[in-house]
Amino acid sequence: MPIAMPDVANQSCATTEGTLDWVGMSHIEVPLMLALHGEAPRQVSAKVEAFVNLADPKAKGIHMSRLYLALDELSRESSLSHATLCNLLDTFITTHEDLSDQAFVKFDFDLHLRRKALITEKQGWKAYPVTITGQVVEKQLQVELKVNVPYSSTCPCSAALARQLIQEAFVTRFAGQQQISSELVVDWLGTTQGIVATPHSQRSVAEVKVKLQHNVTEFPIVALIDAIEDALKTPVQAAVKRADEQEFARLNGQNLMFCEDAARRLKHALNGLTEFEDFWLRVNHYESLHAHDAVAVTVKGLQGGYRA
């Protein structure tokens, strides 16, 4: 007669009793079909964290395989949407009857989007890091979306100092001349002596986290990324020709930004988006002048909402 396999989780009690806030797994690698608002679902490769609480102080542990199998079923048979995320969290709890009454899941992945160049018809891929988080705590559902969007920021102070140096070079070059032809000035401006200094720019990243309204059915990730890039005006580029690079330089020159400016632009843009209940944002300017970064953080300001 075969000997029954032991089931320690069900047949043993905790050697030290106590409840636990979260127990589960992290770095689960799963391919998923992602339901995007206004677009066909697209496949992403996600790393997932899945947890439930352990509310029974005597229980030896949870059933981790049940979390994995629920996640695997979602991967094989459906796409990740607001509804299926809610169902997944419900399955985590119902498969842990008498053990758990709270659930948490987090999906991290890169969303690759085709992005058009500024002037020409060139296109290229850009990868945007995305995090989707869902949790049920005290029977309350919360779904959260986070994106990281890179952009370029040119320092207003540096731009002003560069303009002053150009003015001084102009005065030195044309000192004592009562009349100067426009052709001569144009030619001079096209030389390294004419533009003696340029303002410093740096690659920057906007981290934006939003809570979805309960009536949202598909994830408005692309709309959120577009809103962020439209507000900042200087998104980093993929495929470019010289005309695109020149337009990028022009946009940087016309959109000088301290980190405070970037944060305020984003706050204003996010306040106008109705699909998000709340938001938190952080802009990081990875300085080219300093060895440290310039950072600004702000929130929508709801009572009981995100805190900076």
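This section reports on the structure supplied with the text. This one's a predicted model, so the numbers in the text were calculated from it and none came from an experiment.

### Describing the packing of helix H2 (residues 64-77) against helix H3 (residues 82-94)
And step 1. At a closest axis distance of 9 Å, the pairing of H2 and H3 adopts a crossing angle of 160°. Classified by the angle their axes make, H2 and H3 are roughly antiparallel. H3 is crossed by H2, and the crossing has right-handed handedness. Contact residues: Leu-67, Ala-70, Leu-71 and Leu-74 in H2; Thr-84, Leu-88, Thr-91 and Phe-92 in H3.
And step 2. A breakdown of the residues in the contact of H2 with H3 according to their chemical character gives six nonpolar, two polar and no charged.

### Describing H3
An α-helical turn contains 3.6 residues, so any two residues separated by three or four positions project in the same direction.
And step 1. Under the 1.5 Å per step criterion, the end-to-end length of H3 is 19 Å for 13 residues, consistent within 8% with the ideal 18 Å.
And step 2. By the burial criterion, the buried members of H3 are His-82, Thr-84, Leu-85, Leu-88, Leu-89, Phe-92 and Ile-93.
And step 3. Check the buried side of H3 and you find it contacts strand E2 (42-54), H2, strand E3 (103-116), strand E4 (123-137), strand E5 (140-154) and strand E6 (201-212).

### Notes on the pattern of salt bridges
Pairs can form between side chains of opposite charge once their charged atoms are near each other.
And step 1. Applying the stated criterion across every chain, the model contains 13 salt bridges.
And step 2. Among the salt bridges present, the one from Arg-76 reaches Glu-77, with a minimum N-O distance of 3.5 Å.
And step 3. On the basis of relative accessibility, which here comes to 55%, the residue Arg-76 falls in the exposed class.
And step 4. With its nearest N and O atoms 3.1 Å apart, the salt bridge here joins Glu-229 to Lys-126. Within this pair, whereas Glu-229 is found in helix H6 (residues 221-232), its partner Lys-126 is found in strand E4, the two being separated by 103 residues in sequence.

Rules of the game
- Residues numbered from 1 in each chain as written.
- Predicted model: local features only at pLDDT ≥ 70, side-chain atom pairs only at ≥ 80, totals over all residues.
- Heavy atoms only, no water.
- Axes fitted to C-alpha atoms, helices over the stretch in contact; angles between N-to-C directions.
- Helix = DSSP H or I, 4+ residues; strand = E, 2+ residues; numbered from the N terminus.
- Parallel < 35°, antiparallel > 145°, perpendicular 65-115°, else oblique.
- Left-handed = near helix turned anticlockwise from the far one by under 90°.
- Contact = heavy atoms within 4.5 Å.
- Nonpolar A, V, L, I, M, F, W, Y, C, P; charged D, E, K, R; others polar.
- Expected span 1.5 Å × (residues − 1).
- Buried < 20%, exposed > 50% of the residue type's maximum accessible area, 1.4 Å probe, protein only.
- Salt bridge = Lys/Arg side-chain N within 4 Å of Asp/Glu carboxyl O.

Geometric values such as these leave the question of function open.
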